[in-house]
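Chain residues, written in single-letter form:
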Amino acid sequence: MSVYTTPSGEVTVSSLQAMKRAGQPIAAMTAYDASFARVLDDAGMDFVLVGDSLGMVIQGQSTTLPVTVDDMIYHARTVRRGLQRALLMVDMPFMSFATPEEALANAGRLMKEAGAQMVKLEGGSAQAATVHRLNESGIPVCAHLGLKPQSVHKIGGYRIQGRDEASARAMLEDALALEAAGADVVLLECVPAELAREIAHNLNVPVIGIGSGPDCDGQILVLYDAIGLTPKPPRFAHDFLADTGTIRGAVEAYIEAVRERRFPGVEQTVA
Ligand code: KIV
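Described in the following lines is the structure provided in the data block. Every value quoted in this text rests on a predicted model; they were computed, and no experiment measured them.

Of regular secondary structure, the protein chain possesses twelve helices and eight strands. Since a compact globule built from 271 residues should have a radius of gyration of about 18 Å, the 17 Å found for the protein chain is in line with a globular shape. In terms of overall dimensions, the protein chain has a C-alpha envelope of 45 × 40 × 40 Å along the principal axes. Of all 271 residues assigned to the protein chain, the portion counted as buried reaches 58%. Total accessible area on the protein chain stands at roughly 11,200 Å², and carbon and sulfur atoms take up 52% of it. Charged side chains in the protein chain number 23 positive and 32 negative. The centres of these two groups are separated by 1 Å.

Structure (structure tokens):
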């Protein structure tokens with residue numbers, strides 16, 4: 001149990017908010033099954049994301065686009081069984097939130113059928129109405145900005161976003177609009193470190209980074225990037241298994257490095 005959890009030791013949305021206010025870095029990682037979820041939970045991860053990255057790392061697809069709501073429910077249910085304390089966040093896959101009503105129906109399934117405690121969706125201020133709809137129905141939301149892998153065909157590849165002044169301003173405005181619409185967490189993927197710092201500074205809700213420098217309120221990594229299972233890992237990742245020799249040790253080393261603000265270091269900070 002920590003000062004940020006419920007008396008029974010569970011991490012909630014309020015815990016994440018309290019951690020932001022206290023300047024305590026939030027540590028998160030993806031998981032796709034009960035065994036890994038248990039390791040992450042035991043090691044003290046604050047939240048576990050069942051990411052639609054499962055389309056690539058579990059299913060072997062070339063993008064996340066083919067992943068379905070049923071796929072997410074299957075994996076999220078298995079992860080749910082491995083968790084006792086960490087908060088469970090589940091991704092809304094491509095086209096499962098095309099309208100606020102579809103988003104509500106699908107997010108409802110993720111909560112009811114899989115035990116999600118927060119859903120994550122990719123998109124900027126165009127998703128504000130959807131975030132508002134979910135928020136007023138009592139569904140916690142994480143808004144994913146920066147590199148949005150579900151838009152890979154639109155943006156023409158997996159690359160850093162928000163490099164120029166105009167797109168950086170637009171991203172900050174998106175983040176503020178989503179927070180105003182009720183987003184509980186904002187996740188920034190592959191955003192220049194300086195912009196990520198500015199967004200984290202301007203938002204009241206926790207800002208979690210991946211490939212977005214050290215100054216976010218917390219960090220998340222794809223599990224398989226952290227244990228050397230990704231053939232060509234992104235530059236912002238680090239193989240903690242190579243350092244420690246066990247999966248449990250790797251997960252603990254990651255959490256410690258995030259808490260002590262040693263990860264990401266300069267070599268994992270892209271811009
Ligand atoms: O799907 C996923 O695993 C994600 C992470 C990259 C944050 O969205």
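Under the criterion given, the structure shown has 14 salt bridges. Lysine 120 is paired through a salt bridge with aspartate 91; the nearest N and O atoms lie 2.7 Å apart. Pair noted here: lysine 120 is in strand E4 (residues 118-122) and aspartate 91 is in strand E3 (residues 87-91), with a separation of 29 residues, a long-range link. Each member of the pair lysine 120 and aspartate 91 is classed as buried. The partner of glutamate 198 in a salt bridge is arginine 169, and the shortest N-O contact between them spans 3.1 Å. Linking glutamate 198 in helix H9 (residues 193-202) with arginine 169 in helix H8 (residues 165-181), this pair joins segments that are 29 residues apart in sequence. Residue glutamate 198 is classed as partly exposed on the basis of its relative accessible area, which comes to 28%.

For the ligand, the full set of nearby residues is Thr30, Leu49, Gly51, Asp52, Ser53, Asp91, Lys120, His144, Leu187, Glu189, Ile210 and Val222. Between an oxygen atom of the ligand and a side-chain N or O atom of aspartate 52, the distance comes to 3.1 Å. Note that an oxygen atom of the ligand is positioned 3.1 Å from one of the side-chain N or O atoms of aspartate 91. Here the ligand has 260 Å² of accessible area as a free molecule, and 94% of this is covered by the chains.

A separate point is the pairing of strand E6 (residues 185-189). Across the five residues of E6, five count as buried, placing the element largely inside the fold. Burial along E6 is two-sided: the residues Val185, Leu187 and Glu189 and Val186 and Leu188 are all buried. Across five bridges, the pairing between strand E5 (residues 141-146) and E6 is parallel. Note that in E6 the partner of alanine 143 across the bridge is valine 186. Note: E6 against strand E7 (residues 207-210), four bridges, orientation parallel.

The biggest cluster of nonpolar side chains holds 94 residues, and the ones touching the most others in it are Met45, Phe47, Leu110, Leu134, Leu188, Ile199 and Tyr254. When residues no more than four places from it in sequence are discounted, the contact partners of tyrosine 254 are Ala28, Met29, Met45, Gln219, Ile220, Leu221, Phe240 and Phe263.

What follows covers the packing of aromatic side chains. Two aromatic rings are characterised by how far apart their centres lie and by the angle between their planes. Taken as a whole and assessed by the stated rule, the structure comprises five aromatic pairs. Geometrically, the ring pair formed by phenylalanine 240 and tyrosine 254 is edge-to-face, given 5.6 Å between the ring centres and 75 degrees between the ring planes. Here phenylalanine 240, found in helix H11 (residues 240-244), pairs with tyrosine 254, found in helix H12 (residues 247-259); they are 14 residues apart in sequence, far enough to count as distant. Given the relative accessible area of 5%, phenylalanine 240 is considered buried.

Here H8 crosses H9 at 25 degrees, and the two axes come no closer than 10 Å. By the angle class used here, H8 and H9 are roughly parallel. Here the hand of the crossing between H8 and H9 comes out right-handed. Judged by residue contacts, Ala168, Arg169, Met171, Leu172, Ala175, Leu176 and Glu179 of H8 engage Leu195, Glu198, Ile199 and Asn202 from H9. Looking at the contact of H8 with H9 residue by residue, the classes come out as seven nonpolar, one polar and three charged.

Let us look at helix H1 (residues 13-22). Listed as buried for H1 are Val13, Ser15, Leu16, Ala18, Met19 and Lys20. After H1 finishes, the residue glycine 23 shows a positive phi value of roughly 70 degrees.

As summarised here, the arrangement of the eight strands in space is E1-E2-E3-E4-E5-E6-E7-E8, forming a closed barrel in which the pairing is parallel. Each adjacent strand pair in this sheet contributes to an overall mean axis angle of 25 degrees, direction not counted. Pairing of strand E1 (residues 26-30) with strand E8 (residues 218-221) involves four bridges; the strand directions are parallel. The residue of E8 that forms the bridge with alanine 28 is isoleucine 220. Lying over the sheet, H12 contacts E1 and E8, oriented at roughly 145 degrees with respect to E1.

Cut-offs and rules
Residues numbered from 1 in each chain as written. Predicted model: local features only at pLDDT ≥ 70, side-chain atom pairs only at ≥ 80, totals over all residues. Heavy atoms only, no water. Helix = DSSP H or I, 4+ residues; strand = E, 2+ residues; numbered from the N terminus. Rg over C-alpha atoms; globule rule 2.2 N^0.38 Å. Buried < 20%, exposed > 50% of the residue type's maximum accessible area, 1.4 Å probe, protein only. Areas by Shrake-Rupley, 256 points an atom, 1.4 Å probe, with all protein chains shown as cover. Lys, Arg positive; Asp, Glu negative; His and termini not counted. Charge placed at Lys NZ, Arg CZ, Asp CG, Glu CD. Salt bridge = Lys/Arg side-chain N within 4 Å of Asp/Glu carboxyl O. Near = heavy atom within 4 Å. Polar contact = N/O pair within 3.5 Å; in protein donor to acceptor, adjacent residues only side chain to side chain. Pairing = 2+ DSSP bridges. Core = buried A, V, L, I, M, F, W, Y, C linked by side-chain atoms within 4.5 Å. Contact = heavy atoms within 4.5 Å. Phe/Tyr/Trp six-rings, centres within 6.5 Å; stacked < 30°, edge-to-face > 60°. Axes fitted to C-alpha atoms, helices over the stretch in contact; angles between N-to-C directions. Parallel < 35°, antiparallel > 145°, perpendicular 65-115°, else oblique. Left-handed = near helix turned anticlockwise from the far one by under 90°. Nonpolar A, V, L, I, M, F, W, Y, C, P; charged D, E, K, R; others polar.

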